Amino acid sequence: MQDYISIAEKNNVVLLDKGVCQFCGANTTRGVHECVEIFSLGFQSIDYSKKENHSYRFLSVDAHTLQHPEIHGRWNNHFHLLRLHLIFIYKTHWNYQLSPKLSDHLNAYKVNKPDEFSIPPEIYQRGSITTTDIIARSNDEDKCKKMIKKWAEEVYQAWNDYHTLIDEIAKDFSKKHLF
Ligand SMILES: [Zn+2]
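Residues numbered from 1 in each chain as written. Predicted model: local features only at pLDDT ≥ 70, side-chain atom pairs only at ≥ 80, totals over all residues. Heavy atoms only, no water.

A. Molecular detail of the pattern of salt bridges. Counted under the stated rule, the structure contains ten salt bridges. Between lysine 149 and glutamate 153 there is a salt bridge, with its nearest N and O atoms 3.5 Å apart. Separated by four residues within a single helix, lysine 149 and glutamate 153 lie in helix α7 (residues 141-158), roughly one turn from each other. A relative accessible area of 40% means that lysine 149 is categorised as partly exposed. (Salt bridge = Lys/Arg side-chain N within 4 Å of Asp/Glu carboxyl O. Helix = DSSP H or I, 4+ residues; strand = E, 2+ residues; numbered from the N terminus. Buried < 20%, exposed > 50% of the residue type's maximum accessible area, 1.4 Å probe, protein only.)

In C-alpha cells form, the structure reads like this:
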C-alpha cells in the first residue's frame, strides 16, 4: 500500500489530506491517508496468525481495495471482486495458496481483454461500512469480525454491475482449481 500515492498520480487522481475519506466516506480527519493507515495497521482484536482468522484478512483487503480503486491498479478490481464472488457465491474456503492461482488465472484472462475496464460505483456509494466503523469496534473480536463480513458483503453488492462478468471468470477458475 506504500505506493498508493504514486498510483493515484498515475490515475490522475488528486488525493485530499483533510476531512472524510474522499472515496469511501470514512469518518477521518486526514482523508484517505488516515483511511489507508487504519487499514494497514489491521484491526487489533483479530489474531491473524490463527488459520481460522485468515478469512477476515481476505475479506477486509477485498473490501478496502474495492472501496478505493483509484489508488490501485486497473486489474485489482477484477481480482478482489472475483475473490469475494468465490467466497460468497461459490462458498470457497479461501487460503493463501489460492491467491497466486487466482492471479495467474486473471493474467491469462486479461491477455485477450485489452479494452476491458471496470467502472467503480460512485464515491461514497461503495458500501456504508468503512474503516472508521471497524476500528471503533476493534476491541471486541466478535463484533469486529461480524462487521468485517458485513463490510465485504456491502462492497460486493455495490459492485453488482459486474457480478455476471465476474461469474464467467469464476466458473472457469473453479473448474480448474476448486473441484
Ligand atoms: Zn476510505
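B. The arrangement of the side chain of histidine 68 in detail. Along the chain, histidine 68 falls in the loop between α3 (54-67) and α4 (76-88). Discounting chain neighbours no more than four positions away, the residues touching histidine 68 are Cys21, Phe23, Cys24, Val32, Cys35 and Arg126. (Contact = heavy atoms within 4.5 Å.)

C. Highlighting helix α2 (residues 31-41). Across the eleven residues that make up α2, a large majority, eight, are buried. Buried residues of α2: Gly31, Val32, His33, Glu34, Cys35, Val36, Ile38 and Phe39, and no others. Just past α2, the residue glycine 42 takes up positive phi, approximately 80 degrees.

D. Structural context of the packing of α4 against α7. Where α4 meets α7, the closest approach of the two axes is 10 Å, and the angle between their N-to-C directions is 115 degrees. By the angle between their axes, α4 is roughly perpendicular relative to α7. The interaxial crossing formed by α4 with α7 has left-handed handedness. Mapping the contact onto sequence places Leu81, Leu84, His85 and Phe88 in α4 and Lys149, Ala152, Glu153 and Tyr156 in α7. (Axes fitted to C-alpha atoms, helices over the stretch in contact; angles between N-to-C directions. Parallel < 35°, antiparallel > 145°, perpendicular 65-115°, else oblique. Left-handed = near helix turned anticlockwise from the far one by under 90°.)

E. Structural detail: the coordination of the zinc ion. At 2.0 to 2.3 Å from the zinc ion lie its protein donor atoms, namely Cys21 (SG), Cys24 (SG), Cys35 (SG) and His68 (NE2). Around the zinc ion, the four donor atoms sit at angles spanning 103 to 120 degrees, and that spread fits a shape best called tetrahedral. Each donor residue of the zinc ion belongs to the same chain, and together they define the spacing C-x2-C-x10-C-x32-H. Highlighted residues: cysteine 35 in helix α2 and histidine 68 in the loop between α3 and α4, separated in sequence by 33 residues. Cysteine 35 gets classed as buried once you look at its relative accessible area, which sits at 0%. (Donors = N, O, S within 2.8 Å, 3.2 Å for Na, K, Ca; no water. Tetrahedral: all angles 85-135°; square planar, octahedral: opposite > 155°, others 65-115°.)

F. Looking closely at α4. Compared with an ideal rise of 1.5 Å per residue, which puts 13 residues at 18 Å, α4 spans 18 Å between its outermost C-alpha atoms and is within 8% of the ideal. Along α4, twelve of the 13 residues are buried, which leaves the element largely enclosed by surrounding structure. For α4, the complete set of buried residues consists of Asn77, His78, Phe79, His80, Leu81, Leu82, Arg83, Leu84, His85, Leu86, Ile87 and Phe88. Where α4 is buried, its residues touch α3, α5 (98-110), α7 and α8 (163-177). (Expected span 1.5 Å × (residues − 1).)

G. Structural view of unusual backbone geometry. Phi at asparagine 12 takes a positive value of approximately 60 degrees, unusual for a residue other than glycine. Tracing the sequence through the fold places asparagine 12 in the loop between α1 (4-10) and α2. Phi at lysine 91 takes a positive value of approximately 55 degrees, unusual for a residue other than glycine. Note that lysine 91 resides in the loop between α4 and α5.

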